[in-house]
Amino acid sequence: KAGVTQTPRYLIKTRGQQVTLSCSPISGHRSVSWYQQTPGQGLQFLFEYFSETQRNKGNFPGRFSGRQFSNSRSEMNVSTLELGDSALYLCASSSGTGTDTQYFGPGTRLTVL
Amino acid sequence: GQSLEQPSEVTAVEGAIVQINCTYQTSGFYGLSWYQQHDGGAPTFLSYNALDGLEETGRFSSFLSRSDSYGYLLLQELQMKDSASYFCAVRDQGQGGKLIFGQGTELSVKP
C-alpha cells in the first residue's frame, strides 16, 4: 500500500495570510489526525477526522480548522497566519479504532515570515 | 490534565542497552505507544502496550505498569542508526480518545 502523502512539503507564507495543507491517507484508513510539531512544544494534537466528522479537537485557536472528504482525504486550514505558526505539520492516518497505530506522512514544513 | 514525562536527552554507545522512561498522568487510556522519529523524518510506530508487562519486537522492548503510571522503551545492541527521537504516546479515554504525545527523548548513539 502507498503511504500517507502530504502536500505541499514546504511552504513559505507571510503573516496574515492563510494556508491550506492536504493529506491523503493510506487506502482503507478512515481516520486522519493532524499534529503540529515545533522544537519547543513537541507533537501537539490539532484534530482528528473520522468518516468526514471531526471526532477530536486539540487546544488550538479557531484559526486552525480542517475537514475530511468522502474519500478520506483531509485538509487543514490556518487563517491569519502568525509567526508562531511556523512548524512542521504532520498528518497521520489509521483505521480509526481506539488502539490503532498511527501512520504518519512526511509533513509540511510551514515557515511564516 | 493529562501529561507524559520523558527525559529530553539520552546518550549511549554502540552495542549498549538503553532504557527510555515515560511517566504519565491521565484519567484513563487505552494503551501506551512508542514512536521513533529520525531528524527530518516522520514518526514511525515502534510498539504498543495494551496490558501491563513486556512486549518484545526484535532489539526493541516496551514495558507498561498501569499501577505505577509508568512505561519504558528498551533498546538493545544499539546501532548508530538508532540515533533519533523517541516519543511515548497514549490515547486518552478522558479526552475523547485523542492521542497525547510526550515531549520526546533524543537518543544519541556514539561509536
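The structure under discussion appears in the preceding block.
Here's what I pulled together on the structure shown here. Throughout, a residue's number is its position along its own chain's written sequence, starting from 1. As they are written, the chains are lettered A onward and the ligands numbered 1 onward, keeping that order. With the structure being a predicted model, the display of local features is reserved for residues of pLDDT at least 70 and the display and counting of side-chain atom pairs for 80 or more, all residues being used for whole-chain, interface and lining totals. For the side-chain quantities, the full set of heavy atoms in the structure was used; hydrogens and water were omitted.

### Things to note about the pattern of salt bridges
Residues and elements named next belong to chain A. A pair is scored as a salt bridge if a Lys or Arg side-chain nitrogen falls within 4 Å of a carboxyl oxygen belonging to Asp or Glu. Tallied over the entire structure, the rule returns 6 salt bridges over all chains. Close ionic contact of Asp 85 with Arg 63 constitutes a salt bridge, the shortest N to O distance being 2.8 Å. Of this pair, Asp 85 sits in the loop between β8 (74-78) and β9 (87-94) while Arg 63 sits in the loop between β6 (53-57) and β7 (64-68); the two residues are 22 residues apart in sequence, bridging distant segments of the chain. Arg 63 carries the same exposure label as Asp 85, and that label is buried. Close ionic contact of Glu 75 with Arg 73 constitutes a salt bridge, the shortest N to O distance being 3.3 Å. Judged by relative accessible area, which is 16%, Glu 75 ranks as buried. Ionic contacts of the salt-bridge type, sharing partners, join the residues Arg 63, Glu 82 and Asp 85 into one network. Helix numbering and strand numbering both begin at the N terminus, where a helix is a DSSP run of H or I of at least 4 residues and a strand a DSSP run of E of at least 2. Partly exposed describes any residue whose relative accessible area lies between the buried limit of under 20% and the exposed limit of over 50%, with all areas from a 1.4 Å probe on protein chains only and scaled to the type maximum.

### Side note on the state of the cysteines
Residue and element names in this part refer to chain A. By disulfide we mean two sulfur atoms from cysteines, separated by a distance within 2.5 Å. Counted by the stated rule, this structure contains 2 disulfides over all chains. Each sulfur in the disulfide pair Cys 23 and Cys 91 lies 1.8 Å from the other. Taking the sign of the S-S torsion, about 65° here, the bridge from Cys 23 to Cys 91 comes out right-handed. On the criterion of sequence distance, the pair formed by Cys 23 in strand β3 (residues 19-24) and Cys 91 in strand β9 is long-range, its members being 68 residues apart.

### Quick look at the pairing of strand β6 (residues 53-57) of chain B
Looking along a regular strand, one sees the side chains alternate between the two faces of the sheet. All names here are of chain B. The pairing criterion is simple: DSSP has to find at least two bridges between the two strands. Strand direction decides the pairing type here: β6 and strand β7 (residues 60-65), joined by 5 bridges, are antiparallel. The partner of Thr 57 across the bridge, within β7, is Phe 60. Hairpin connection of β6 to β7: 2 residues between the antiparallel strands, including Gly 58 at a positive phi of 65°.

Shape descriptors only; they carry no functional weight alone.
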